[in-house]
Amino acid sequence: MIAIELTEAASSAAHALTALSATPLAEPAPTGIDTENIVAFFASKIAPILLAVLGVIFIGRASRGEISKVLTSSAIAIVGLAFIAGAATLFFVGDYLIDLIFE
């Protein structure tokens, strides 16, 4: 009688282990934020809209005769774009240096 109960308990434990091994215990860990798609979205959708707004402002000022303010604002915008491009360049140079040092 005891032997029958032990075999039944062992078989039910085996069924439970089989069921547990078939189900995943935890979800896989997140790999991180996909920043490349975020940057691509801003570059393709947001930046053209902001540049269009700046263009409308510049045209509005130029039509009122404020050419010097338009030229000053345009120069500031171009310098700002140069700083942004420089920051992106430094990001890639830094990535290259890290790969070079830690290879």
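Below you will find a few notes about this structure. (Residues numbered from 1 in each chain as written. Predicted model: local features only at pLDDT ≥ 70, side-chain atom pairs only at ≥ 80, totals over all residues. Heavy atoms only, no water.)

## Digging into the overall build of the chain
Applicable threshold: Numbering of helices and strands runs from the N terminus, with a helix taken as a DSSP run of H or I at least four residues long and a strand as a DSSP run of E at least two residues long. Burial status follows relative accessibility: with a 1.4 Å probe on protein chains alone, a residue under 20% of its type maximum counts as buried, one over 50% as exposed, and anything between as partly exposed. All accessibility values rest on the Shrake-Rupley procedure with a 1.4 Å probe; residue burial counts only the protein chains present in the view.
Per the secondary structure count, the chain includes three helices and zero strands. In sequence order, the chain lays out its α and β elements as α-α-α. Out of the 103 residues belonging to the chain, those deemed buried represent 3%. Per element, the accessible surface of the chain, about 9,000 Å² overall, is 75% carbon and sulfur.

## Here's the deal with the pattern of salt bridges
Stated precisely, the cut-off is as follows: The salt bridge definition used is simple: a Lys or Arg side-chain nitrogen within 4 Å of an Asp or Glu carboxyl oxygen.
One pass over the full model with this rule turns up one salt bridge. Between Arg 64 and Glu 66 there is a salt bridge, and its shortest N-O distance comes to 4.0 Å.

## Here we look at helix H2 (residues 35–63)
Basically, it comes down to this: To estimate the expected span of a helix, count its residues, drop one, and scale the result by 1.5 Å.
If you check H2, its first and last C-alpha atoms are 40 Å apart, about what 29 residues at 1.5 Å a residue would give, namely 42 Å. Looking one or two residues beyond H2, the residue adopting positive phi is Gly 65, at roughly 90 degrees.

## Here we look at the packing of aromatic side chains
Cut-off, in case you're wondering: Only rings of Phe, Tyr and Trp enter the pairing, Trp through its six-membered ring, and a pair is recorded when the two centres are within 6.5 Å. The plane angle decides the type: under 30 degrees is stacked, over 60 is edge-to-face, the rest tilted.
Tallied over the entire structure, the rule returns one aromatic pair. A ring pair is formed by Phe 41 and Phe 42, whose centres lie 5.9 Å apart and whose planes are at 70 degrees; its orientation type is edge-to-face. The class of Phe 41 is partly exposed, set by a relative accessible area of 44%.

## Here we look at the side chain of Ser 73
This is how the line gets drawn: N or O atoms closer than or at 3.5 Å make up a polar contact, with two conditions inside protein: a donor-capable atom paired with an acceptor-capable one, and, for residues adjacent in sequence, both atoms drawn from side chains. Any two residues having at least one pair of non-hydrogen atoms within 4.5 Å are treated as being in contact.
Here Ser 73 lies in helix H3 (residues 67–101). Of the polar contacts made by the side chain of Ser 73, one reaches the side chain of Arg 61; its length is 3.0 Å. Discounting chain neighbours no more than four positions away, the residues touching Ser 73 are Phe 58 and Arg 61.

## Some details on a nonpolar patch on the surface
Defined as follows: Here, patches come from residues exposed beyond 30% relative accessible area and free of salt bridges, joined within 9 Å for like charges and within 5 Å for nonpolar side chains (Val, Leu, Ile, Met, Phe, Trp, Tyr).
Residues Ile 49, Leu 51, Val 53, Leu 54, Ile 57, Leu 81 and Ile 84 make up a contiguous nonpolar surface patch of roughly 640 Å² in combined accessible area. Listing elements by their share of the nonpolar patch, those giving two or more residues are H2 and H3. The leading source of residues in the nonpolar patch is H2, at five residues. Within the secondary structure, Val 53 is located in helix H2. Accessibility expressed as a relative area gives 44% for Val 53, which makes it partly exposed.

## Focus: the environment of Ile 59
You can see Ile 59 is positioned in helix H2. With relative accessibility at 60%, the residue Ile 59 sits in the exposed group. Taking C-alpha positions, Ile 59 is 8.1 Å from Val 70, a pair spaced 11 residues apart along the chain.

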